Amino acid sequence: MKIRAVSIGEAVPRERFDAVIQSVFDSALNLRLADEEHLIALVISDHYELPQGIRIVTKGLSLRTLTPGLRVATRSGILRFDSSSLSVDLRGASVWKCRVPELGLNMQSHTAQQAWSTTWTLLNQEQRHKNTELLADDLFRPHTGSPLSQRISKPVTSLVTSTDEFNPRGALHAAGQMIGLGPGVTPSGDDILIGFLAGLWSMAGENGHQLAFIRSFGRELIQLAKGTSEISRTYLYHAAQGQFSSSLSHLAEAITTSDCVEEAARAAMRVGHSSGMDAVTGLLIGLCVWNIPSPLYPSPAGRGDGGEGKDYL
Amino acid sequence: MTTSQRMIKNLYRDSVSLMQFSEKLRALDGIQQASAVMATENNISLLVEAGLLASAVPPSPNDLLIVVEGKDEASVSAALDQAEAMLKAKAVDAGEDGVRHVPPRSVEMGLDSMPSANFVLISTPGEYAAAEARKALQLGLHVMMFSDNVSMEEEIPLKQYARDHDLLVMGPDCGTAIINGIPLGFANVVRRGDIGVVAASGTGLQQVTSLIDRFGAGITQAIGTGGHDLKSEVGGITMLQGIDALAKDQATKVILLVSKPPSPDVMKNVLDKAAKSKKPVVVEFIGADPKTITAGNLYGVKTLEDAASAAVLLSKGKAVKKFSNALPAKYKTLVKSAQKKLKKEQRYIRGLFSGGTFCYETVLSLSEALGKVYSNTPIKKDEKIPNVWKSLEHTVIDLGDDLFTQGRPHPMIDFRLRNERILQEAEDPETAVILLDVVLGYGSNMDPASELIPAIQHAQKIAAKAKRNLVFVASVCGTDSDPQSLSRQEARLREVGVILTDSNAQAARLAAAIVGAR
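Scope of this entry: the structure provided in the associated data block. (Residues numbered from 1 in each chain as written. Chains lettered and ligands numbered in written order. Predicted model: local features only at pLDDT ≥ 70, side-chain atom pairs only at ≥ 80, totals over all residues.)

**Quick notes on the overall build of chain B**
1) Next: Per the secondary structure count, chain B includes 17 helices and 19 strands.
2) Next: When contacts within chain B are restricted to residue pairs at least 6 apart in sequence, long-range pairs at least 24 apart make up 67% of them. (Helix = DSSP H or I, 4+ residues; strand = E, 2+ residues; numbered from the N terminus. Contact = placed C-beta atoms within 7 Å.)

**Describing the overall build of chain A**
1) Next: Looking only at helices and strands, chain A has 10 helices and 9 strands in total.
2) Next: A burial count over chain A gives 55% of its 313 residues as buried.
3) Next: Considering only contacts within chain A whose residues lie at least 6 apart along the sequence, 62% involve residues at least 24 apart. (Buried ≥ 20, exposed ≤ 12 C-beta atoms within 10 Å, placed from the backbone.)

**Structural notes on the environment of T431 of chain B**
All names here are of chain B.
1) Next: On the secondary structure map, T431 appears in strand 17 (residues 431-439).
2) Next: Residue classification places T431 among the buried residues on the basis of 25 C-beta atoms within 10 Å.
3) Next: Excluding anything up to four places from it in sequence, T431 contacts Q346, Y348, R350, E425, A426 and L470.

**Description of the packing of helix 15 (residues 448-465) of chain B against helix 16 (residues 486-495) of chain B**
Helix-helix packing is characterised by the crossing angle of the two axes and by the distance between the axes.
Residue and element names in this part refer to chain B.
1) Next: It is the contact of helix 15 with helix 16, at a shortest axis distance of 9 Å, that shows an interaxial angle of 10°. In terms of their interaxial angle, helix 15 and helix 16 are classed as roughly parallel. For the pair formed by helix 15 and helix 16, the contact residues are P448, A449 and I453 on the first element and Q489, R492 and L493 on the second.
2) Next: Classifying every residue of the contact of helix 15 with helix 16 by side-chain character gives 4 nonpolar, 1 polar and 1 charged. (Axes fitted to C-alpha atoms, helices over the stretch in contact; angles between N-to-C directions. Parallel < 35°, antiparallel > 145°, perpendicular 65-115°, else oblique. Nonpolar A, V, L, I, M, F, W, Y, C, P; charged D, E, K, R; others polar.)

**Let's talk about the pairing of strand 11 (residues 254-259) of chain B**
All names here are of chain B.
1) Next: In terms of burial, strand 11 is a largely internal element, 6 of the 6 residues being buried.
2) Next: Side-chain alternation along strand 11 places V254, L256 and V258 on one buried face and I255, L257 and S259 on a second face that is also buried.
3) Next: In terms of strand pairing, strand 11 meets strand 12 (residues 281-285) through 5 bridges, oriented parallel. Each residue of the ladder has a partner; that of L256, found in strand 12, is V282.
4) Next: Handedness of the crossover is the feature at issue here: the chain leaves strand 11, passes through helix 9 (residues 264-276), returns alongside strand 12, and the resulting connection is right-handed. (Pairing = 2+ DSSP bridges. Right-handed = clockwise from strand over helix to strand, strands pointing away.)

**Section: unusual backbone geometry**
Residue and element names in this part refer to chain B.
1) Next: G171 connects to P172 through a cis peptide bond whose omega is 10°.
2) Next: Positive phi is not limited to glycine here, since D166 has a value of about 60°.
3) Next: Looking at where D166 falls in the secondary structure, it is placed in the loop between helix 6 (152-164) and strand 6 (169-170).
4) Next: For D166, a count of 9 C-beta atoms within 10 Å corresponds to the exposed category.
5) Next: Despite not being glycine, K278 has its phi angle at roughly 65°, a positive value.
6) Next: Within the secondary structure, K278 is located in the loop between helix 9 and strand 12.

**Here's the deal with helix 17 (residues 504-515) of chain B**
Residue and element names in this part refer to chain B.
1) Next: With 12 residues, helix 17 extends 17 Å from end C-alpha to end C-alpha; this agrees with the ideal 16 Å at 1.5 Å per step.
2) Next: Counting buried positions along helix 17 yields 12 of 12 residues, so the element is predominantly enclosed.
3) Next: Taken residue by residue, helix 17 has N504, A505, Q506, A507, A508, R509, L510, A511, A512, A513, I514 and V515 as its buried positions. (Expected span 1.5 Å × (residues − 1).)

**Concerning helix 1 (residues 110-130) of chain A**
Residues and elements named next belong to chain A.
1) Next: For helix 1, which comprises 21 residues, the first-to-last C-alpha distance of 30 Å matches the rise-based estimate of 30 Å (1.5 Å per residue) to within 8%.
2) Next: Of the residues making up helix 1, those classed as buried are A112, Q113, A115, W116, T119, W120, L123 and Q127. Along the axis of helix 1, the buried residues cluster in a sector spanning 155°; they form a single face. Seen from the buried face of helix 1, the exposed residues on the opposite side, beyond 90 degrees, are H110, Q125, R128 and H129.
3) Next: Those residues of helix 1 that are buried are in contact with helix 7 (246-257), helix 8 (261-269) and helix 9 (275-286).
4) Next: Where helix 1 ends, the next residue or the one after it, N131, has phi of about 55°, a positive value. (Arc of directions from axis to C-beta.)

**Regarding the nonpolar core**
1) Next: In this structure, M145, V197, L256, V282, A311 and A511 of chain B are the most contacted members of the largest nonpolar core, which totals 255 residues.
2) Next: With 10 residues, the top contributor of residues to this core is helix 4 (residues 188-204) of chain A.
3) Next: If we skip the residues at most four places from it in the chain, V282 of chain B touches V254, L256, Y299, V301, A307, A310, A311 and L314 of chain B. (Core = buried A, V, L, I, M, F, W, Y, C linked by C-beta atoms within 7 Å.)

**Quick look at the interface of chain B and chain A**
1) Next: Taken together, the contact pairs 34 residues of chain B with 44 residues of chain A.
2) Next: Among the elements of the structure, helix 1 (15-26), strand 2 (31-39), helix 2 (41-49), strand 3 (60-70), helix 3 (73-95) and helix 4 (107-113) of chain B are those that each provide at least two residues to the side of chain B that touches chain A.
3) Next: By residue number, the principal contributor to the side of chain B that touches chain A is helix 2 of chain B, which donates 5 residues.
4) Next: A per-class count over the side of chain B that touches chain A returns 16 nonpolar, 12 polar and 6 charged.

**Considering the sheet that holds strand 1 (residues 2-8) of chain B**
Residues and elements named next belong to chain B.
1) Next: An order of 1-3-2 is seen for the 3 strands of this open sheet, with the pairing classed as antiparallel. Here the strands that pair on one side only, and so sit at the sheet edges, are strand 1 and strand 2. Neighbour-to-neighbour, the strand axes of the sheet open up by a mean angle of 15°, direction not taken into account.
2) Next: Across 7 bridges, the pairing between strand 1 and strand 3 is antiparallel. Across the sheet, residue T2 finds its bridge partner in strand 3, namely G70.

**Considerations on the packing of helix 5 (residues 208-224) of chain A against helix 6 (residues 230-240) of chain A**
Residue and element names in this part refer to chain A.
1) Next: Where helix 5 meets helix 6, the axes come as close as 9 Å, and the angle between the chain directions of the two elements is 165°. One element, helix 5, and the other, helix 6, form an angle in the roughly antiparallel class. Read as a crossing pair, helix 5 and helix 6 show a hand that is left-handed. Contact residues: helix 5 offers G218, R219, L221 and I222, while helix 6 offers L236, Y237 and A240.
2) Next: The class makeup of the residues in the contact of helix 5 with helix 6 is 5 nonpolar, 1 polar and 1 charged. (Left-handed = near helix turned anticlockwise from the far one by under 90°.)

**Observations concerning the pairing of strand 16 (residues 395-398) of chain B**
Residue and element names in this part refer to chain B.
1) Next: Burial along strand 16 is two-sided: the face carrying T395 and I397 and the face carrying V396 and D398 are both buried.
2) Next: The pairing of strand 15 (residues 374-375) with strand 16 spans 2 bridges and is parallel. Note that in strand 16 the partner of Y374 across the bridge is T395.

**Digging into the environment of R192 of chain B**
1) Next: Inspection of the secondary structure puts R192 of chain B in strand 9 (residues 192-199).
2) Next: Sequence-distant contacts of R192 of chain B, that is, excluding residues within four places in its chain, are made with G181, G218 and I219 of chain B.

Here you go:
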């Protein structure tokens, strides 16, 4: 069966490559390229794009028919699986690129702050509804929530403060305590960091000082990412380059334009079991740095003690 | 209460699956708590803090860590066994490919079953071959076109497309090649070594590679170009690409080129390219004067055997000697004893060849030694045999010519036509020597000696009946590693009185010596 790819992420090689299947899920699988450190993903979805993704739209196909370790090769734009008649035609697929670094989101604007508040509220509602291990509100209430919330709360606060102060060492120390922490193949700590970077990239625009910090932090974060799963490491790698999933990217755009925020937030939260919500948590926290007052910390005096954030909310 | 853990290597499950999995474990008898997380340092630390792990275990971020707390060791151990079984059962389910497998019937289907393939061998009837080659090239595959009857009008754009996309088209009518040690088409099993060959001649390639093996050296790659490649219209595209590839190949120390003389413009380009390769290049443009080639790193030679010898000498770091046209001393007694058997009227050589290049090399050699030689592949136009079915004086026939192969297999496979012709020559009182080539290797007849021997014996009987003797001279092209075994085939042919030489060139010289000065 030959399936046409609808779109491919900018990080996917266009010409020939050899790979093996690294992992398989119902509607996605990851490929480990022969000469690359990072994975690419084949995703069945009618909308979800990834920087490293090949998107196909097909009904009734389960990727579970393929097994990890199976060889895969692309020749002249056709991706083929060893011992399977399934192939994916990459020719003619549109190339998708995440535009988050181009947003220049201004969190000083009233509409952006309103969009942020709407999303934060939705997020906490959804997390409570799904009874997830992490609750965004708990991150700023020390000694509250699940063991995971309590464990991650302090480094998250430290990450925000250090980034706000352009203190890369402090930010990296905090990130180091989050990497690989939590359930799932992309642990919650990693998802928060990915979202956090999305927040920073959304706002930096052409601000050289901020861009320099993000790039430097990103480079070091890639090194730290050796402490987490290969799949998660791939997402962190692209996040460090300012490249995120379409759902996170659309939410950042929606907050920038205050257009269809609820819809974008719900779509972003639907990714995975908790990954989407964790990434949205990170995004919203990331949008709070470098802004006075910020949604989480209405006044500079409030920083370092996340407990005051709830007044604003 | 007791806790225990197990690490499952390289296992990826999404959060929902792991959550459901943990719930199933918790529901087991005697189990209080269970957790399944990626074994990152931070997760391990969290489990230690939560009291689920007694002490930290080494992190392994791509592996799944299952931790279980239960009322006693038996419950915990059983739960972990069950956990592992559940995960493995899932893996087996995932391995069942619901897609029906069918044998590949196209290049694309072939790629489906072997996606990392980068090479295709096309052996369809000629009329379909170009289209298949084009498809393969567009899929990014190198092509060997075994098929013949492909026009130059089709060949040229294929080769141009391939060159522009850094791909190689070997052929059309490329009968043999050895790529990465794998014999393709009619090819011999030769040892690997440091000599790379590019040849526009199938049996020429087989002869040099087999002799290189016999001389104790080996082959890196043997690239066939097809017979039209060195014509002006094609421009030697494949040979030029082949030289480039071998020049870049670190395993190749010496390059060997084999062809009939190319068109002058192509010859210049080929020799220029070879000169720039910075490696010793032995050039056997069969029939060309070696002196017009030898210069710098280029070594022109006169026969396929000399080409193989020169390449082996160069690969061993030795100087290339001046090769002699003279018949080696070891054959001289054979010449005398053969001459004694012949009657005065037995004056002519009848060469019956299955290899086109062997035929051509023989015509050249005999012409030099004996003068006029009739052939269906003559050197001079006036030596074209008027009737290919009837020999005239010295006659050398390429039985692989299209005229003979229409509707029947190639004479390397099917010996019937040659055997009939042997009997026909035996009837001719002027026949002195029947000169043969025997080509071993993949694709060729699996036991050529058994095919030839009855005909040889029958021919000898025909001659004996007329109170004559016939002399059979042959060379066997192949190696002991070939499916037919060189030594086994040679031994059987010697048993019936065939005089064997080490190469085709020597066979021609020996035959010429027998019918020469008497």
